[in-house]
Amino acid sequence: MAMAHRVVARSKASTHRHAAVAKSCVVRPKGTGVTTRPARGLDFACRATVAGGEVKWVGNRRKLDLNRKYYPKKEDVDTQKKVWYIVDAEGKTLGRLATMVSMYLRGKHLPTFSPSMDTGGYVVVINADKVAVSGKKETDKMYYYHRVHRPGTMKTETLSELRQRVPERIVERAVKGMLPKGRLGNTLFTHLKVYAGPEHPHEAQKPVDITSLIDKKPKEADLAAVRAAVGLE
Amino acid sequence: MKKQKILQLAKGFRGRAKNCFRIAINRVEKALQYQYRDRKVKKREARKLWIQQINAATRQHGIIYSQFMHTLAKDNIKLDRKTLSDLAINEPHSFKALVDRVKFMRGNGID
């Protein structure tokens, strides 16, 4: 089988770069498009296959600096450029939904992920009142809260009672527990928009539907829409 | 002499620890201990981050980190995690080529 793009790396020292990968690009959120810039890899001299098929030395004979680890740039954290996603919670299992939502909020689906920066997107959850739980959690899962922080004043309610009262809070609570705790986690939580019914005011952001990706293995998941949104071709 | 050296190291500390020697010396000693420890921890944290980034990138292309790394090792591709995460971020086409290679080897029953 002929490989169209062949990156042959048989040892750490040598990297044979095909000319087709010379035009490098960085993963960027929708709106900025894919940034094409001169391949950083051609900052050093290497043998590459140029157009025409011949193999010759290209690039500057400068020391290759691979020790610069990537740190998110301004474009990666720019709120204006964040990707919006939408999930339909109707009939979905609460925890499995929340796992995926928190991943997209945090930016862990992107290779530019950094724990200290907010590289994630916005997530809109609709039909949150129809989110499902398994087993007897509908009647047995308890939510505890304090209005007054004094001993003996803790209030409890079951999931079904909370669903009657403030249905959005079920999904919000679940996701908040899966986000990091702290200043950054609080900011990430504000990027979560939960709505009880099917209506939401974010049509203008054209959110990408990721409902089908809940609980899906990467092999079976259809990630084309997400890849297009984040700029990975 | 020694006091000045310590207070120099205490720049940026909170409260009296940056101005008063007797408080600064404690915090500076702690800071130096943390620096010693964290020079070793930095290497661990870096590798952890690389793995997370590679995992995210491979999952975008439909394969998971563990299968990806295992197949790379079996195929004798000795790219380290630092390089792989660098490729995934800065050279996504190259990284996709690697993923395609891995899928090809897995499709042919490499292991």
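The structure presented is a predicted model; accordingly, all values stated were derived computationally and were not measured.

A word on the overall build of chain B. If you tally the helices and strands in chain B, you get 5 helices and 0 strands. Across chain B, helices and strands are ordered from the amino to the carboxyl terminus as α-α-α-α-α. Relative to a compact globule of 111 residues, whose C-alpha radius of gyration would be 13 Å, chain B shows 23 Å and is clearly more extended. Taking the principal axes of its C-alpha atoms as reference, chain B extends roughly 70 × 20 × 20 Å. Looking at chain B as a whole, 44% of its 111 residues qualify as buried. Of the contacts made within chain B by residues no fewer than 6 positions apart, 47% connect residues no fewer than 24 positions apart. Here chain B has roughly 6600 Å² of accessible surface; of this, 51% comes from carbon and sulfur atoms. Counting 27 positive and 9 negative side-chain charges, chain B places the averaged centre of each group 14 Å from the other.

When helices and strands are counted, chain A shows 7 helices and 11 strands. Buried residues in chain A amount to 39% of all 233 residues. Sequence-distant contacts, at least 24 apart, represent 62% of the contacts inside chain A between residues at least 6 apart.

Looking now at the pairing of strand E7 (residues 122–126) of chain A. Residue and element names in this part refer to chain A. Burial analysis of E7 places 5 of its 5 residues in the buried class, which makes it a mostly covered element. Along E7, one buried face is formed by Tyr122, Val124 and Ile126 and the opposite face, lined by Val123 and Val125, is buried too. Regarding the hand of the β-α-β motif, the stretch spanning strand E6 (residues 84–88), helix H2 (residues 94–106) and E7 is right-handed.

Here we take up the nonpolar core. The biggest cluster of nonpolar side chains holds 38 residues, and the ones touching the most others in it are Tyr85, Val101, Tyr104, Val123, Val125, Val171 and Leu192 of chain A. For this core, the elements supplying multiple residues, two or more each, are E6, H2, E7, helix H4 (159–165), helix H5 (168–178), helix H6 (183–190), strand E10 (192–194) and helix H7 (224–230) of chain A. No other element matches the 7 residues that H2 of chain A contributes to this core. Leaving out residues up to four positions away in the same chain, Tyr104 of chain A has contacts with Tyr85, His109, Gly120, Gly121, Val123, Ile210, Leu213, Leu223 and Val226 of chain A. Counting residues in hydrophobic clusters, the runner-up holds 16 residues, among them Tyr65, Leu72, Leu87 and Phe95 of chain B.

Looking now at the UniProt feature "domain: PH" (unreviewed entry) in chain B. The positions that UniProt labels "domain: PH" (unreviewed entry) are, in the present scheme, residues 1–59 of chain B. Regarding residues 1–59 of chain B, the helix share stands at 80% and the strand share at 0%, and the terminal C-alpha atoms are separated by 57 Å.

A few words now on the side chain of Glu157 of chain A. All names here are of chain A. Secondary-structure assignment places Glu157 in strand E9 (residues 154–158). Of note is the side chain of Glu157, whose polar atom sits 2.9 Å from the side chain of Arg165. Setting aside residues no more than four positions away along its own chain, Glu157 makes contact with Lys141, Met142, Tyr143, Tyr145, Leu162 and Arg165.

Going through the model one piece at a time under the given rule, you end up with 3 aromatic pairs over all chains. With centroids separated by 4.8 Å and ring planes inclined at 65°, the aromatic side chains of Tyr85 of chain A and Tyr104 of chain A adopt a geometry described as edge-to-face. With Tyr85 of chain A in strand E6 and Tyr104 of chain A in helix H2, this pair connects stretches of sequence that are 19 residues apart. Here the two residues Tyr85 of chain A and Tyr104 of chain A agree in accessibility, since each one is buried. When the ring of Phe68 of chain B is compared with that of Phe95 of chain B, the centres are 5.5 Å apart and the planes differ by 40°; the resulting orientation is tilted. One end of the pair, Phe68 of chain B, is in helix H3 (residues 65–74); the other, Phe95 of chain B, is in helix H5 (residues 92–107), and 27 residues separate them in sequence. Over the aromatic face of Tyr143 of chain A sits the side chain of Lys141 of chain A, whose NZ or CZ is 5.2 Å from the ring centroid. Directly above the aromatic system of Phe189 of chain A lies the positively charged group of Lys176 of chain A, at a separation of 4.5 Å from the ring centroid.

Further remarks concern H3 of chain B. Residue and element names in this part refer to chain B. When we look at burial in H3, the residues that qualify are Tyr65, Phe68, Met69, Thr71 and Leu72. Projected down its long axis, H3 carries its buried residues within an arc of 165°, all on one side. In the stretch just after H3, Asn76 is the one whose phi turns positive, near 65°.

On to the sheet that holds E7 of chain A, then. All names here are of chain A. With respect to topology, 4 strands assemble into an open sheet ordered E10-E7-E6-E11, the strand pairing being parallel. A strand with exactly one partner marks an edge of an open sheet, and here the two such strands are E10 and strand E11 (208–209). Both E6 and E7 contribute to a ladder of 5 bridges, which runs parallel. Within E7, the residue paired with Asp88 across the bridge is Ile126. With respect to the sheet, H5 is in contact with E7 and E10, its orientation differing from that of E10 by roughly 155°.

Analysis parameters
Residues numbered from 1 in each chain as written. Chains lettered and ligands numbered in written order. Predicted model: local features only at pLDDT ≥ 70, side-chain atom pairs only at ≥ 80, totals over all residues. Heavy atoms only, no water. Helix = DSSP H or I, 4+ residues; strand = E, 2+ residues; numbered from the N terminus. Rg over C-alpha atoms; globule rule 2.2 N^0.38 Å. Buried < 20%, exposed > 50% of the residue type's maximum accessible area, 1.4 Å probe, protein only. Contact = heavy atoms within 4.5 Å. Areas by Shrake-Rupley, 256 points an atom, 1.4 Å probe, with all protein chains shown as cover. Lys, Arg positive; Asp, Glu negative; His and termini not counted. Charge placed at Lys NZ, Arg CZ, Asp CG, Glu CD. Right-handed = clockwise from strand over helix to strand, strands pointing away. Core = buried A, V, L, I, M, F, W, Y, C linked by side-chain atoms within 4.5 Å. UniProt positions renumbered as here; feature names shortened; annotations may be inferred. Polar contact = N/O pair within 3.5 Å; in protein donor to acceptor, adjacent residues only side chain to side chain. Phe/Tyr/Trp six-rings, centres within 6.5 Å; stacked < 30°, edge-to-face > 60°. Lys NZ or Arg CZ within 6 Å of the ring centre and 35° of its normal. Arc of directions from axis to C-beta. Pairing = 2+ DSSP bridges. Axes fitted to C-alpha atoms, helices over the stretch in contact; angles between N-to-C directions.

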